[in-house]
Each structure stands twice: as structure tokens, then as C-alpha cells.
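# Structure assessment
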Amino acid sequence: MQYVSTRGSAPVLGFADVVLAGLATDGGLYVPQSWPSLPADTSGTYAELAAAVFAPYLGGDISNETMLRLTRDAYATFRHPDVVPIVDLQPGHKLMELFHGPTLAFKDVALQLLGRIFDHILTERHEKVTIVGATSGDTGSAAIDGVKNCANVDIVILYPKGRVSDVQRRQMTTIDSANVRTVAIDGTFDDCQDLVKAMFNDAPFREKHNLSAVNSINWARVMAQVVYYVEATRRLAGPIDITVPTGNFGNVLSGWIAKQMGAPIRRLVVASNENDILTRFFESQNMNVTGVHPTLSPSMDIQVSSNFERLLFEMNGRDGGMTAAQLQRFRDRGLLNVEQDQYEQWIAPTFRAARANDHDTLSTIRSVYEETGMLIDPHTAVGVKAAREQAEDGVTMLTLATAHPAKFPDAVERATGIRPELPEHLADLFSKPERTNDLPNDLAAVEAFVANR
Ligand SMILES: *Cc1c(COP(=O)(O)O)cnc(C)c1O
């Protein structure tokens, strides 16, 4: 299996190179040259299913035996025997809980595996990397936890001082591993992101420290997420509809790939909060950029959904030049539209879209609690609201629960009067010592810190 860039002018690479590269050199995202089918045998544990689903994507870069060791290791960190259990919400509507990993959000499903894949490839190549990243909360803690035991990876995560929740900060700063550094920047999340971009644009610095990233466009993250869609369809009699709380379009893209591979999924419902660029696109065939509004579901507060580019490439008949030109116009004018026939072929049969504002989010948390006694987090609530609108009689609806309610306790308490408790494995989070470093919003200071870590 080889991988091509969505913008058509980067080298064709194999799996291991694609994982280490992240972004392609032409600014595009890597996709496999063709979509393989699901394995004939989808029995076994979640880790066994994962290794079987990945096999055709690896192109011999990692043996199936090694991959099975990595998936077993990664999913042993999840606190539920089913890894991603399914629970009933109401007749015909179920939730898949993706939050039983170490940091209580669905990003653990991909990042626990990605850390192990990185370390394995680097060991074979006798290389080391330094991952640098900026976080507004969820991604940083999941990335740190995913690499905390990796011998060949150092990680430095920047976060905006005083602007991440106590739980999110402590999940990063209480990890006691020699390869982990966290930095509180005197600035906003955008300042942190700008510092990271500037470090990557500083070629001598980037090469000297072998900088790397694990952001949501990394192919291995998208691939890892395909597995729980397959798991959903093997446990529920398909075809089913699946609702996905969406930000960067990474999670729902994985569902679309599972469908391409043959999983019996009928529709994918894209659920947005007030930052609804995708929902507006699915309704109007036009994508236009507006500002970002902070909401109660902050991990979905995005301006542009970066992984959408992979679907766009497909809609353009896998023409990279055409995709690159379209994205250039989008950057220049802030507007992107697709032809009616592209829409009819790719979007209309599969995708539905809906949105929830903060008021809807709170009332959905409240109604789920009143009806079932269950507490759900605000991101999951955006999904549940959308799913209830889009559900059809006779077709099972599954909503992906992307975070544990205790990760966003303020919103849950506002809606229900009950403050959700952290699960047992994190009960000591508030008594562990924190280790972090304060730095000004200054590139020279941050580069000196990374160099001296
Ligand atoms: C990251 C995140 C999302 C959005 O996922 P995308 O892959 O960006 O669409 C939704 N919910 C939670 C809790 C998240 O952490």
C-alpha cells in the first residue's frame, strides 16, 4: 500500500514514512492509493479486530504480529473490558462510549496507538524525535499520555496559561516522565499555535531537533478511529446510522472510510456546535469561513475542519491539482463550493448534518439525565441533539460519546445540579504534584527551552 497527497505534488510514500511525516511536503494530507476491504474475519477482541483492519494499510512496514502487540498494549490502557462499550439511551438510540482511555476523551483511542507506532518505527530506524504541540485542552493530555513511556520520543506541549480547565491542566502537568515537558505560555491558544508553527518554519531548528507533530491530520490517527465504527457494526445489526460530534472532521472521516471498506453504515450525521461551518456546507454546498465562538463544547470550536480535505480529494475524483487549486481559492476568498453532481454523488446519500447551540446542549444534558439517570458531557450532548433530529424509525441510531462527563464538570453541573466525579484511576489527580514551566509569548525563549530540555 502506498499513500498519495491530496494536493498531488508530494512524493508517494509508504505507511511508516507517512506516519512520521504527518503533513505532506506540498501542504496536503496523505491518503491510501485505494480503499481496501474489511478483513473476512472480524471476530476476536477489539485489539485483534484493530490489527486485522489495519493489515492492508501497513504495506509490510509493520508485521501483523507486531501490530497486534501494539494494539493489545494500547487498548489495555482502557478501563472497560469492551474498550468502547455500547449502552442504551432510548429505544433505537444507543451511545458508544469512547472515553474509557487514560485521559477520558476519544482522542485516546488514536493517540495511545500512535505513540506506540511512532516508538516502534523510530526504534527500527535508530532515530529520535521531539514532538511539539499546542493545546487548548484535550489533545495535549491525550498526546502526552500516549508517548509518556516512549524511549525515542520527547514531547513539549504549550498551553495558554490560565485558559485550560483544572482537570485538563493537571492531566498534563502531573505526568511524571522524563520525556514530557509542559509549558504555560503567557498568551492565548492562538499564540501557542503560532509559536509551534514558527518553530516548524525555522528549518535549521526543526532539523536540529527532529521536530514532529501528532495532530489530527496524521493518517495513523484517522486509521485508528476506523476500528470503532467496524466494532459498532459487528455488535449492532446493520445498516445503522451513526452521529458524530465534529470539529476537525477527523472522527467522522474515519466513519466514512469504514463505510468505503464495506462496514454496513447507512448514514453519518455530522453534529456541530455554533461553530457550524460543516453543517452550513452540508446544507448549502458552500463552505465559508466565519470567526470562532467559544462554546460549552470547546473541543469542537474550530474555524476550518482540516480533515475535510481528504473527502474533498475524493469528491474531485482524486485529482490533487484540482484540490490544491480549490483550497488556494478557499484561503484567498474564504469560500468553497462544490458542483451539484459532486454533492449528489458523495454527500447526499451518506451525510446528514445538524447543530446545537449552548442552550440546546444544556437542555439535552438535562433531558438525558431526567430520562435515564445518565450524565453526558457537552460534546456528546451536541451529538445526541443532532441524532434525535435525524433518527428514522426502524434504523438503529448510534451516537459517539466523545468525552467523560467529569472532563467538563461545570457544564454538566449547570444542566443537572450534579457534579460528575472523576473515575477511580484519576481520583488522585488533585493531590499529585504539578510540574510545569512558565514562559513568555516569545519564540526565542520557547526555542531555547526546547533546545535545553
Ligand atoms: C477532539 C474532540 C472532538 C472533535 O473531534 P474531530 O475529530 O476534531 O471532529 C469532539 N469531542 C471531543 C470530546 C473531542 O476531544
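In case you missed it, the structure is sitting above this.
Structure report, in brief. (Residues numbered from 1 in each chain as written. Predicted model: local features only at pLDDT ≥ 70, side-chain atom pairs only at ≥ 80, totals over all residues. Heavy atoms only, no water.)

### Here we look at the site of the ligand
Around the ligand, a shell composed of 15 residues is seen, among which Lys107, Asp138, Gly247, Asn248 and Thr402 lie nearest. Asn248 is positioned with one of its backbone polar atoms (N or O) 2.7 Å from an oxygen atom of the ligand. Phe249 has a polar backbone atom sitting 3.4 Å from an oxygen atom of the ligand. In isolation the ligand has 390 Å² of accessible area, and contact with the protein removes 97% of it. The residue makeup of the shell around the ligand, split by class, is five nonpolar, eight polar and two charged. (Near = heavy atom within 4 Å. Polar contact = N/O pair within 3.5 Å; in protein donor to acceptor, adjacent residues only side chain to side chain. Areas by Shrake-Rupley, 256 points an atom, 1.4 Å probe, with all protein chains shown as cover. Nonpolar A, V, L, I, M, F, W, Y, C, P; charged D, E, K, R; others polar.)

### Topic: the side chain of Asp241
Position of Asp241 among the secondary structure elements: in strand 9 (residues 240–245). With relative accessibility at 2%, the residue Asp241 sits in the buried group. (Helix = DSSP H or I, 4+ residues; strand = E, 2+ residues; numbered from the N terminus. Buried < 20%, exposed > 50% of the residue type's maximum accessible area, 1.4 Å probe, protein only.)

### Focus: the pattern of salt bridges
The full count for this structure, using the stated rule, is 28 salt bridges. Residue Arg170 pairs with Glu434 through a salt bridge whose shortest N-O separation is 3.4 Å. Of this pair, Arg170 sits in helix 6 (residues 166–173) while Glu434 sits in the loop between helix 17 (409–416) and strand 15 (437–439), and the two are 264 residues apart along the sequence. For Glu434, a relative accessible area of 33% translates into the label partly exposed. One salt bridge in this structure joins Glu392 and Arg267, with 2.7 Å as the shortest N-O distance. With Glu392 in the loop between helix 16 (378–390) and strand 14 (397–401) and Arg267 in strand 10 (residues 265–272), this pair connects stretches of sequence that are 125 residues apart. Connected through salt bridges with shared partners, the residues Asp166, Arg169, Arg170 and Glu434 form a single ionic network. (Salt bridge = Lys/Arg side-chain N within 4 Å of Asp/Glu carboxyl O.)

### Structural notes on the packing of helix 15 (residues 358–372) against helix 17
Running from amino to carboxyl end, helix 15 crosses helix 17 at an angle of 65°, the nearest separation of the two axes being 8 Å. Here helix 15 lies roughly perpendicular to helix 17, going by the angle between them. When the axes of helix 15 and helix 17 are compared, the crossing they make is right-handed. In this structure, helix 15 contributes Leu362, Ile365, Arg366 and Tyr369 to the contact, and helix 17 contributes Ala411, Val412, Arg414, Ala415 and Thr416. Here the residues of the contact of helix 15 with helix 17 sort into six nonpolar, one polar and two charged. (Axes fitted to C-alpha atoms, helices over the stretch in contact; angles between N-to-C directions. Parallel < 35°, antiparallel > 145°, perpendicular 65-115°, else oblique. Left-handed = near helix turned anticlockwise from the far one by under 90°. Contact = heavy atoms within 4.5 Å.)

### Here we look at helix 6
Within helix 6, six of the eight residues are buried, which leaves it mostly tucked inside the rest of the structure. Of the residues making up helix 6, those classed as buried are Val167, Gln168, Arg170, Gln171, Met172 and Thr173. Buried positions along helix 6 lie against helix 5 (138–147), strand 6 (153–160) and strand 7 (180–185).

### Focus: the sheet that holds strand 6
Strands sit in the order 8-5-6-7-15 across an open sheet of five strands; the sheet is parallel. The sheet is open, and its two edges are formed by strand 8 (211–212) and strand 15, each paired on a single side. Bridging between strand 5 (residues 129–134) and strand 6 involves six bridges; their strand directions are parallel. Its bridge partner lying in strand 6, Gly133 is registered against Ile157. Seen against the sheet, helix 18 (residues 443–452) touches strand 5, strand 6, strand 7 and strand 15 and runs at an angle of roughly 150° to strand 15. (Pairing = 2+ DSSP bridges.)

### Re the packing of aromatic side chains
Think of a pair of aromatic rings as described by two things: how far the centres are apart, and how the planes are tilted against each other in angle. Using the criterion set out here, one finds 15 aromatic pairs in the structure. The interplanar angle of 40° and the centroid separation of 6.2 Å between the aromatic rings of Phe249 and Phe351 together place this pair among those described as tilted. Placement of Phe249 in the loop between strand 9 and helix 10 (250–260) and of Phe351 in strand 13 (residues 351–355) is noted, with a sequence separation of 102 residues between them. Grouping residues by exposure puts Phe249 and Phe351 together as buried. Among the aromatic residues, ring-to-ring pairing joins Tyr3, Trp35, Tyr57, Trp219, Trp256 and Trp346 into one connected group. (Phe/Tyr/Trp six-rings, centres within 6.5 Å; stacked < 30°, edge-to-face > 60°.)

### Considering the environment of Ile155
Relative to the assigned elements, Ile155 resides in strand 6. The class for Ile155 is buried, based on a relative accessible area of 1%. Spatially, the C-alpha atoms of Ile155 and Ala178 are 9.7 Å apart, while their sequence positions differ by 23 residues. When residues no more than four places from it in sequence are discounted, the contact partners of Ile155 are Ile131, Ala143, Ile144, Val147, Asn179, Val180 and Arg181.

These values are about where atoms sit, not about what they do.
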